[in-house]
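# A look at the structure
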Amino acid sequence: MTLSPEEIHAKAKAAFGEAVGELQPPAKDAFFTVTPAKIREVCAFLKEDPSLAFDFLEDVTATDHHPKEPLIRLVYHLFSYRHRHGIVVKAELPRDGASLPSLDPVWKAANWLEREVYDLFGVAFEGHPDLRRIMMPDDWVGHPLRKDYQEAGGYFDITNVRDSALVEFRRMDEAVRAAAEKSAATNATPATPATAPAAPAPAGGAQVH
Amino acid sequence: MDELVIQKLGPLSDEEMVLNMGPQHPSTHGVIRFVVKGDGEVIKVALPVVGYLHRAIEKIGEIVTFPGFMPYTDRADYLAAMFANEGYALAVEKLMGLEAPPRAQYCRAISCELNRIASHLISVGTMGQDIGALTPFVHALRERETLNDLIEELCGARLTYHYHRIGGVAFDVPDGWAEKTLRFLDRFERILDEYDRLLTWNEIYVKRLADLGVIPAEMAIDYGLVGPNLRASGVDWDLRRDLPYGCYRDFQFQVPVGKGWVGKVGDCFDRYYVRILEMRESVKIVRQALEKLPAGETMHPKIPKKVKPPAGEAWARVESARGEMGYYVTADGVSEKAQRVRIRTGSYLAMGVVEPLSRGMMIADLVALIASLDVVAPEIDR
């Protein structure tokens, strides 16, 4: 039987009391917040209870609330094929040292979904069987979907902040002109443009930041 | 850089070797990589390594305005971009508390179902190609060309459509387009019978795919498989029928479910054949939609120039060619930009099933398994 978010929340609240927060007014999608340490127990209950039967973990993601609040909120979208109802569960974590139990023992889908959150938000999942980066390379620094993430400027000397080609060409032209003027000033005999020595290429393959 | 992958593979015995497949490999459908530990041809473990096509689309969603993100959704799944458009449009419309007008919803359904056929044609064609039948791919692409022409006439683009907009669709159906489409559908149904003769019931093809990579229903649900991959495992679930969005309530169609036509339920053949049957259903839906197409606007009249939804968060999902595609969009009510855009895609979760399923498989069968899951790299990495 399809249950409303209120009924689902009431069942979870009855089973876990304080660990389950209030149901937020369902303006769009109703959700409730769970104490991070209890997330696995609550989710296992939501899956195993026959009247709830949330067999499908649709999505695991996170939202970073920097700089307004020093919080990262984990967002779990659950759905039940049997009863055709859904609920959103959230968990609030501090931004520093964010960590909570993995849901891999409850739903296998959590394995890959949590790896993505770990990679892009820097949330550690305790008891995850394979917590490696998945989108970014293993030696990447930082977690790109955090709001205060700063690009490192490059990766293995491959720059990712480059000026437009036109700006770069103008800079090269100016370097040529400046070199020509400099040689004209130092040489006693003024060099015509045709005999001016070629300007040196910008050092180090033009690493522009 | 691969230390962690090698560590995960574990120690090698004398007979075992490590084989690297991809990321540039003709059978990996874009840039996907597998690191295979095998004993000769038999796979001990195959680890998918993804991320080579990661373009940070979700991060871009926080940088550009709400309407400005729509073209980026095309790139999330370039083989079925209509669905990516529609999912995002539905999520933002849900945030704003409005619905597209009826004619726009019909245009969405028509364009989506045509796109589903085009996407499934690629899937079916590459499926044959990956296991050595090169001809069907050319046949499939021939029909897809006509479809691309039709869609181009509708929205001006052949691949990255940017057709669905927040509050409606960009263009109305052009004059004479419906007749052209109907003529194509008449022809296409006969062509589908031809595919069945050419490929589906070909004895070599059937023997190659039967009982291969069987995914039981519980496993499919547990690993979060969606769409044709889920239905092939015998789970009778389709968002269009069971939780209809847009105008899908108005149409009569069947939802094909895997029956174990030539072997066990949920094998590679079931995943292939479910897609063939889905194309037939899409033809039905397009016919009905063109017939019932209501008059009226194709754009909601109250869409402001600067889209600024009230604070909140919305989760919207559509039944894409690769299964359920979910968009989670949050707004703070002040900014013209989303605070977070999350795209949940079928291909990403389908890749998670490769590692447990590939144990004990032959290396050549891994190629068939990937093809049957119909994963596309841009949708995995986004």
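What you see is a predicted model; the values in this text were computed from it and never measured. (Residues numbered from 1 in each chain as written. Chains lettered and ligands numbered in written order. Predicted model: local features only at pLDDT ≥ 70, side-chain atom pairs only at ≥ 80, totals over all residues. Heavy atoms only, no water.)

## Looking at the confidence of the model for chain B
- On average, residues of chain B score 88 in pLDDT, and 99% of them reach the 70 mark or higher.
- Of the two predicted TM-score estimates for the complex, the pTM is 0.84 and the ipTM is 0.85. (pLDDT = per-residue confidence, 0-100.)

## Regarding the pattern of salt bridges
Residue and element names in this part refer to chain B.
- Evaluation of the coordinates by the stated rule reveals 53 salt bridges over all chains.
- In this structure, the salt-bridge partner of E145 is R158, at a minimum N-O distance of 2.7 Å. Here the residue E145 occupies a position in helix α6 (residues 135–155), and R158 occupies one in the loop between α6 and β4 (164–165), the gap between them amounting to 13 residues.
- Of the charged contacts, one joins R231 and E278 as a salt bridge, the two residues approaching to 2.6 Å between their closest N and O atoms. Of the two residues, R231 is situated in helix α10 (residues 228–232) and E278 in helix α12 (residues 268–292); the sequence distance between them amounts to 47 residues.
- Since its relative accessible area comes to 2%, E278 is described here as buried. (Salt bridge = Lys/Arg side-chain N within 4 Å of Asp/Glu carboxyl O. Helix = DSSP H or I, 4+ residues; strand = E, 2+ residues; numbered from the N terminus. Buried < 20%, exposed > 50% of the residue type's maximum accessible area, 1.4 Å probe, protein only.)

## Quick notes on the sheet that holds strand β2 (residues 33–39) of chain B
Residue and element names in this part refer to chain B.
- Spatial strand order, β1-β2-β3: 3 strands in an open sheet with antiparallel pairing. The strands lining the two open edges of the sheet, one partner per strand, are β1 (16–21) and β3 (42–49). Strand-to-strand twist across the sheet, computed as the mean angle between neighbouring axes with direction ignored, equals 20 degrees.
- Bridge analysis of β1 against β2 gives 6 bridges, and the strand direction is antiparallel. Counterpart to E16 in the pairing with β2 is D39.
- Running over the sheet, helix α15 (residues 363–373) touches β1, β2 and β3 and is turned about 150 degrees from β2. (Pairing = 2+ DSSP bridges. Axes fitted to C-alpha atoms, helices over the stretch in contact; angles between N-to-C directions. Contact = heavy atoms within 4.5 Å.)

## Some points on unusual backbone geometry
- Between H66(A) and P67(A) the backbone carries a cis peptide bond, its omega angle lying at 0 degrees.
- Within the secondary structure, P67(A) sits in the loop between β3 (56–64) and β4 (71–80).
- Within the chain, H162(B) stands out as a residue other than glycine whose phi angle is a positive 50 degrees.
- When you line up the elements, H162(B) lands in the loop between α6 and β4.
- Overall, H162(B) belongs to the partly exposed group, its relative accessible area being 23%.
- One non-glycine residue, R382(B), lies in the positive phi region at around 55 degrees.

## Section: the environment of T135(B)
- In this structure, T135(B) sits in helix α6.
- C-alpha separation for the pair T135(B) and L199(B), spaced 64 residues apart in sequence, amounts to 9.3 Å.

## Remarks on the packing of helix α1 (residues 5–16) of chain A against helix α2 (residues 39–48) of chain A
Residue and element names in this part refer to chain A.
- One way to put it is that α1 packs onto α2 with a least axis distance of 11 Å and a crossing angle of 125 degrees. In terms of their interaxial angle, α1 and α2 are classed as oblique. At the point where α1 passes α2, the crossing takes the right-handed sense. Where α1 approaches α2, its residues I8, K11, A12, A15 and F16 are matched on the opposing element by E41, V42, F45 and L46.
- Among the residues forming the contact of α1 with α2, the class breakdown is 7 nonpolar, no polar and 2 charged. (Parallel < 35°, antiparallel > 145°, perpendicular 65-115°, else oblique. Left-handed = near helix turned anticlockwise from the far one by under 90°. Nonpolar A, V, L, I, M, F, W, Y, C, P; charged D, E, K, R; others polar.)

## What to know about the sheet that holds strand β7 (residues 323–331) of chain B
Residues and elements named next belong to chain B.
- Read across the sheet, 3 strands follow the order β6-β7-β8 without closing on themselves; strand pairing throughout is antiparallel. The open sheet is flanked by β6 (312–320) and β8 (340–344), the only strands paired with a single partner. When strand polarity is set aside, the average angle formed by the axes of neighbouring strands in this sheet is 10 degrees.
- Here β6 runs beside β7; their pairing, made up of 9 bridges, is antiparallel.

## Focus on the environment of V307(B)
Residues and elements named next belong to chain B.
- Note on placement: V307 falls in the loop between α12 and β6.
- A residue is classified by how much of its surface remains accessible, and V307, at 3% relative accessible area, is buried.
- Spatially, the C-alpha atom of V307 lies 22 Å from that of R103, the residues being 204 residues apart in sequence.
- Each residue touching V307, except ones within four places of it in the same chain, is listed here: F66, P67, V92, M96 and E336.

## A short note on the nonpolar core
- Among the nonpolar cores identified, the biggest contains 175 residues, and L46(A), L74(A), Y76(A), V123(A), F66(B), Y88(B) and L366(B) are the most heavily contacted of them.
- Contact partners of Y76(A), with chain neighbours within four places excluded, come to I39(A), L57(A), D59(A), V60(A), I87(A), V88(A), V89(A), L100(A), L103(A) and F125(A).
- Within the second largest apolar cluster, 6 residues are counted, among which are L9(B), V35(B), L47(B) and V49(B). (Core = buried A, V, L, I, M, F, W, Y, C linked by side-chain atoms within 4.5 Å.)

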